[in-house]
Amino acid sequence: MTIFKEKLSEEYLTVSQAKELLSKVEAERATDEDREMRYELARAVDHVNRFAFLDPDESLELVEELLELEKVDEPQAYKIADLLPRDRTEVRAVYAQERYALDGDELDAVLDVVAKYA
């Protein structure tokens, strides 16, 4: 027997998309006087307000362009869209746990795509 709930579905979100969703939750809580924001929710809202640099639509466009590259998978594309790396070292950090590394041309291709949006 497990104490965890069953996972029904899973999808990746960029920080910008999370900001949009959390702002709706925050607005709902603001209209209800009896319901205050829990500490965790307030911290999450603060985090996305600090680190969401793109609009949700722009971040999805960036993810889609990154997915067109050969060695960029969905988790890496979302992480790159959140971090907006500026140099090869920052892109390598995204791939640090992978079994493969990107060569110079592949790193530059990722940086070229990110430069369009950053």
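Described below are features of the structure shown in this document. (Residues numbered from 1 in each chain as written. Predicted model: local features only at pLDDT ≥ 70, side-chain atom pairs only at ≥ 80, totals over all residues. Heavy atoms only, no water.)

**Quick look at the packing of helix H1 (residues 15-31) against helix H3 (residues 56-67)**
One way to put it is that H1 packs onto H3 with a least axis distance of 8 Å and a crossing angle of 150°. Classified by the interaxial angle, the pair formed by H1 and H3 is roughly antiparallel. The element H1 and its partner H3 pack so that their crossing is left-handed. Across the interface between the two elements, Ser-16, Gln-17 and Glu-20 of H1 pack against Pro-56, Ser-59 and Leu-60 of H3. (Axes fitted to C-alpha atoms, helices over the stretch in contact; angles between N-to-C directions. Helix = DSSP H or I, 4+ residues; strand = E, 2+ residues; numbered from the N terminus. Parallel < 35°, antiparallel > 145°, perpendicular 65-115°, else oblique. Left-handed = near helix turned anticlockwise from the far one by under 90°. Contact = heavy atoms within 4.5 Å.)

**A closer look at the nonpolar core**
Judged by nonpolar contacts, the single largest core of 20 residues is most densely connected at Leu-62, Leu-66, Ile-80, Val-91, Tyr-95 and Val-110. Elements with a minimum of two residues in this core: H3, helix H4 (74-83), helix H5 (88-94) and helix H6 (104-117). For this core, the leading source of residues is H6, giving six residues. The residues contacting Leu-62, other than those within four sequence positions of it, are Leu-54, Ala-81, Leu-84, Val-113, Val-114 and Tyr-117. (Core = buried A, V, L, I, M, F, W, Y, C linked by side-chain atoms within 4.5 Å. Buried < 20%, exposed > 50% of the residue type's maximum accessible area, 1.4 Å probe, protein only.)

Interpretation in functional terms is not warranted from these geometric data alone.
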